[in-house]
Amino acid sequence: MTRRSCAIYATGIVCAHLLIVGIALVLAQVFQTMIQSRLKKEITLTEKSQVFEAWKNPPPPVYMEYYFFNVTNPEVFLAGGKASVQQIGPYTYREYRPRENVTFLENGTKVYALNPKTFVFVPEKSAGNPEVDLVRTVNIPLVAVMNELNSYSFLLRSVVSFYLSGLGVDLFMTRTVHEILWGFKDPLLTKIHSLKPEVDEYFGLMWKKNGTHEGEFVFHTGEQNYLDYGKIDTWNGLRKMSWWSSNQSNMINGTDGAVFHPLINKNELLYIFAADLCRSIHLGYVKDVEVKGIQAYRFAPPADVLMSPDNNPTNAGFCVPAGECLGTGVLKVSVCREGAPIVVSFPHFYQADEAYINAVDGLNPQKEYHETYLDLQPHRSFLPGNHKQAQTDPLLAPRPQTATIDDDSAAQMRTMILLVTLVSNFPLLIVGMGIILLLVLVVLFCRNRQKKVRSIASLCTSEIIPSC
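I will try to describe carefully the structure that is included in this document.

What counts and what doesn't
- Residues numbered from 1 in each chain as written.
- Predicted model: local features only at pLDDT ≥ 70, side-chain atom pairs only at ≥ 80, totals over all residues.
- Heavy atoms only, no water.
- Helix = DSSP H or I, 4+ residues; strand = E, 2+ residues; numbered from the N terminus.
- Buried < 20%, exposed > 50% of the residue type's maximum accessible area, 1.4 Å probe, protein only.
- Contact = heavy atoms within 4.5 Å.
- Areas by Shrake-Rupley, 256 points an atom, 1.4 Å probe, with all protein chains shown as cover.
- Expected span 1.5 Å × (residues − 1).
- Pairing = 2+ DSSP bridges.
- Phe/Tyr/Trp six-rings, centres within 6.5 Å; stacked < 30°, edge-to-face > 60°.
- Disulfide = S-S within 2.5 Å.

Secondary structure summary: the protein contains twelve helices and 22 strands in total. When the 468 residues of the protein are sorted by exposure, 46% land in the buried category. Restricting to contacts in the protein with at least 6 residues of sequence separation, those with at least 24 account for 61%. When the accessible surface of the protein is totalled, it reaches about 24800 Å², and 57% of it is carbon and sulfur.

This brings us to helix 6 (residues 154-167). An ideal rise of 1.5 Å per residue puts 20 Å on 14 residues; helix 6 measures up with 20 Å between its terminal C-alpha atoms. A positive phi of about 80° marks Gly 168, the residue just after helix 6.

Okay, the pairing of strand 1 (residues 62-71) next. Strand 1 sits mainly inside the fold: ten of its ten residues count as buried. Residue alternation in strand 1 divides its side chains into two sets, Val 62, Met 64, Tyr 66, Phe 68 and Asn 70 and Tyr 63, Glu 65, Tyr 67, Phe 69 and Val 71, and both sets are buried. Bridge count for strand 1 against strand 2 (residues 83-96) is nine bridges, and the pairing is antiparallel. Opposite Val 62, over in strand 2, you have Glu 95 as the bridge partner.

Applying the stated criterion to the full structure yields 19 aromatic pairs. Judged by centre distance (5.8 Å) and plane angle (85°), the ring pair of Trp 55 and Phe 219 falls under edge-to-face. With Trp 55 in helix 3 (residues 52-56) and Phe 219 in strand 10 (residues 217-220), the pair connects residues that are 164 residues apart, well separated along the chain. Accessibility expressed as a relative area gives 3% for Trp 55, which makes it buried.

Next up on the list: the state of the cysteines. One way to say it: the disulfide is the covalent bond shared by the sulfur atoms of two cysteines. Following the criterion strictly, the structure yields two disulfides and no others. In this model, Cys 278 is linked to Cys 336 through a disulfide, with the two sulfur atoms separated by 1.5 Å. Its torsion about the S-S bond being 65°, the disulfide of Cys 278 and Cys 336 is classed as right-handed. Of this pair, Cys 278 sits in the loop between strand 12 (270-274) and strand 13 (279-291) while Cys 336 sits in the loop between strand 15 (330-332) and strand 16 (343-345); the two residues are 58 residues apart in sequence, bridging distant segments of the chain. Each member of the pair, Cys 278 together with Cys 336, is buried. Between the sulfur atoms of Cys 319 and its disulfide partner Cys 325 the distance amounts to 2.1 Å.

Honestly, that's just the spatial picture; any functional story needs more than this.
If you want it as structure tokens, here you go:
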């Protein structure tokens with residue numbers, strides 16, 4: 001047997017083995033199953049796990065951007081006309097949110113933690129100075145007091161209104177951005193405080209929220225089931241709330257929005273318990289995106305989250321008292337805001353009824369600016385980017401919260417994804433090598449056959465074989 005023949009046979013044997021092994025591995029999904037099993041074990045909240053430190057001290061910087069609607073025509077509104085507003089901002093604050101008092105419970109299957117949030121002003125990302133810039137907006141303390149008086153007689157309400165006029169308290173107030181956000185001593189609340197000391201004399205959107213937490217959380221670590229990773233077991237000792245008018249609305253579902261279970265697919269709904277909204281919401285898959293070279297799934301709340309019960313009966317439980325429902329796009333949260341007459345929506349009443357949008361001049365809801373979304377790397381459920389937004393009414397203060405992965409973390413994540421991709425596709429590489437060798441085998445076989453033909457032709461020409 002010639003050396004050429006040996007090479008052909010050897011190539012054929014190797015090619016056959018590679019194709020058989022590669023196809024078998026592809027059909028059995030051995031490497032995919034191995035990677036999934038490893039991810040399920042790695043992504044658990046244990047002190048030795050890779051994700052624990054990132055969960056305890058989230059690395060991507062989070063920025064809170066506050067915008068305000070400045071009322072430009074209060075006199076027209078008070079005379080019965082339509083209010084006109086002008087958006088100002090953003091006033092940006094870096095949010096630090098480490099988890100503290102972390103304690104593992106029940107053999108490591110659950111973990112207790114507090115999540116205090118601290119806000120630091122970032123002037124280079126802001127449109128102005130919050131301690132100087134003024135905003136004219138609705139006087140929430142006054143609206144809250146008048147709302148409390150609705151249950152009293154007309155005579156008492158009239159006396160209080162006359163008294164408030166004498167104090168110079170108007171429906172609109174002009175304050176600095178810093179005061180509206182972080183608090184100021186309100187003259188009306190001060191008067192009430194002198195009569196009822198339990199009433200706080202300070203008011204602010206974020207009053208007493210800088211350096212404080214939203215409650216005591218107990219999370220599932222994912223040790224028993226990877227699908228439970230990061231899910232809330234209890235909040236302030238509760239497994240369900242009591243504010244709303246149905247059991248379904250009172251449920252505490254999902255995570256706190258910081259983490260999700262690994263191996264997310266496009267067909268599932270992700271649930272988040274939003275303490276500032278006093279409820280759980282769900283997000284559905286929207287599209288594939290790329291964030292700093294990282295492939296991710298974008299999830300966003302569908303329109304039915306804040307849809308009117310007329311169109312989504314499951315939202316009837318958020319009508320408090322039962323039957324007193326608002327339209328699509330707004331949620332009354334007075335029940336968990338110490339009675340303050342507050343509703344929340346997406347900025348500029350995005351996804352809300354046209355009646356809300358048309359009631360005020362200066363609103364312009366747009367999906368690209370006002371949609372809340374999360375971008376998730378599907379294997380490890382890492383969040384390379386998110387954009388959470390809310391609008392508090394009647395103060396009408398849109399509050400986008402953005403978090404985008406930093407360059408170093410993005411580089412590490414891209415390397416990790418590349419390795420996972422290579423390993424998971426290793427059987428396909430084997431099949432590819434087998435196909436390449438198969439092509440080499442065909443070429444060698446054809447060239448060997450051509451050489452034999454040329455040899456025979458040469459012999460015939462030189463009359464070595466007479467019978468030719």
